[in-house]
Amino acid sequence: MTTNPYLNRKMITNPAEFFGRERELRKILARIGNQRPQSVAVVGERRIGKSSLLYQAYHPANRQASIPDAASLVCVFMDLSERKDYQAAQIFQALFAELSRALGETITSDAGSGYDTFKAAVQRIEAAGRRLVIFFDEFEAIASNPNIPAANVTEFLAFLRGIANSHAVAYVTSSQIDLQELGHSGEIKESPFFNIFTRVSLGPFSREEALALIAQPSAAAGRPLAPYADTLLQWAGTHPFFLQTACAVLFEWHNGQGVSHQDMTRAAIEFADETEDHFQYTWQHLKAEERSVLRSLATGVPVPDTQHYLLRQLERRGYIVSWAGLPRIFSSIFAGLIPQWPS
């Protein structure tokens, strides 16, 4: 049985399975590869590939290929997606566990907040001529955690900033929105912590990146999908998650010789079934005026001149593409579902 190369959908950890994002990856590696590493904030929509990009920057093979003295970096990856209900002390405990793994020594929290233990570990790393980079995937788990009082979050962020200013330490974060917007109070939003970051924005793939994802894994597995690229792009656009899902579905209907017209129709139905919940989540989390614009496009109603600025915003975020000079919803499947949903 042929293994479907498109089934790993949450976070791509194997560099051989990672497609696109070369410019963004180079930018992150260049920042953290400095003698004084610089912090980077990766920002993008849900399921746009932020976690995979973070992990590729963390992956030793990519660091070794791009950073001359990569061995001097101590890198820690913190997946916060399962830690959204953590208390402040648990964040430190998880960090110390990952740091212990990276250093090959046991680091345990002090009896207090954990600040002193972390600072001592940083000082030992620096004394050994090394630098520390911490990757915080889904940084929302810290900055907007309702279980951690705003005052404690502010204190924690101030501490992190102080460490980065005083030592060879940097942070690489991912979030759906700008870090300044994550806080649950004005005090957090105004924290100078956020000023230390270079922003890397993730949008949809370029057409070239999307075509590489369609063609290369499928050809290597003996069921080439390149002949169906236009159909796949019509279903999913160049959004990484939806395109990967579309490829995974169509790959299963490929018999080694191709996909029949009848099976293509069945694949489209299967793709719609698999993605409807994700599309609906996207719809529910858009602003009312954004939904209004997309509904107009989906139903063939002209978009009022007063809303044209939203067309540009939605295009930058990947929800609209230009097709024959006219705006179109990026996915025909998404467009077909919109009329049945409430505004």
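Residues numbered from 1 in each chain as written. Predicted model: local features only at pLDDT ≥ 70, side-chain atom pairs only at ≥ 80, totals over all residues. Heavy atoms only, no water.

Focus on the sheet that holds strand β3 (residues 131–137)
- What the five strands build is an open sheet, ordered β2-β3-β4-β1-β5; its pairing is parallel. Two strands lie at the open edges of the sheet, namely β2 (73–79) and β5 (197–202), each paired on one side alone. Averaged over all adjacent pairs, the angle separating strand axes in this sheet is 15 degrees, with direction ignored.
- In this structure, β3 lies alongside strand β4 (residues 169–175), joined through five bridges in parallel fashion. Counted as the bridge partner of leucine 132 is valine 169 from β4.
- Sitting on the sheet, helix α1 (residues 22–32) touches β1 (39–44), β2, β3, β4 and β5, and the angle it makes with β5 is about 165 degrees.
- Here helix α5 (residues 115–127) sits on the sheet and contacts β2, β3 and β4; the angle it forms with β3, its principal contact strand, is near 135 degrees. (Pairing = 2+ DSSP bridges. Helix = DSSP H or I, 4+ residues; strand = E, 2+ residues; numbered from the N terminus. Axes fitted to C-alpha atoms, helices over the stretch in contact; angles between N-to-C directions. Contact = heavy atoms within 4.5 Å.)

Some details on the environment of glycine 237
- Mapping glycine 237 onto the fold places it in the loop between α10 (229–236) and α11 (240–253).
- For the pair glycine 237 and isoleucine 329, spaced 92 residues apart in the sequence, the C-alpha separation amounts to 8.7 Å.
- With sequence-adjacent residues up to four places away left out, glycine 237 is seen in contact with Leu232, Leu243 and Phe330.

Focus on the layout of surface pockets
- Roughly 260 Å³ of volume is contained in the second largest pocket.
- Lining the second largest pocket we find 13 residues, and of these Arg207, Leu233, Gln234, Trp323 and Arg328 sit closest to its centre.
- Among the elements of the structure, α10 and β6 (320–323) are those that each provide at least two residues to the lining of the second largest pocket.
- Looking at the lining of the second largest pocket, its residues break down into five nonpolar, five polar and three charged. (1 Å grid on protein atoms, 1.4 Å probe; cavity = no way out; pocket = protein on both sides within 12 Å on 5 of 7 lines; lining within 4 Å. Points joined across faces, edges and corners; volume = space filled by probe spheres on them. Nonpolar A, V, L, I, M, F, W, Y, C, P; charged D, E, K, R; others polar.)

Quick word on the pattern of salt bridges
- According to the stated counting rule, one finds eight salt bridges in the structure shown.
- Close ionic contact of glutamate 45 with arginine 317 constitutes a salt bridge, the shortest N to O distance being 2.9 Å. On the criterion of sequence distance, the pair formed by glutamate 45 in the loop between β1 and α2 (50–58) and arginine 317 in the loop between α14 (308–316) and β6 is long-range, its members being 272 residues apart.
- A salt bridge links arginine 317 to glutamate 290, with the shortest nitrogen-to-oxygen separation between them at 2.6 Å. Within this pair, whereas arginine 317 is found in the loop between α14 and β6, its partner glutamate 290 is found in helix α13 (residues 288–299), the two being separated by 27 residues in sequence.
- By relative accessible area, which is 27% here, arginine 317 ends up partly exposed.
- Overlapping salt bridges bring together Glu45, Glu290 and Arg317 as one network. (Salt bridge = Lys/Arg side-chain N within 4 Å of Asp/Glu carboxyl O. Buried < 20%, exposed > 50% of the residue type's maximum accessible area, 1.4 Å probe, protein only.)

Quick look at the packing of α13 against α14
- As a packed pair, α13 and α14 sit with axes 10 Å apart at the nearest point and diverge in direction by 90 degrees. Classed by the angle they form, the pair α13 and α14 counts as roughly perpendicular. Between α13, through Glu289, Glu290, Val293, Leu294 and Leu297, and α14, the contact on the second element is made entirely by Leu310, Leu311 and Leu314.
- Tallied by class, the residues present in the contact of α13 with α14 amount to six nonpolar, no polar and two charged. (Parallel < 35°, antiparallel > 145°, perpendicular 65-115°, else oblique.)

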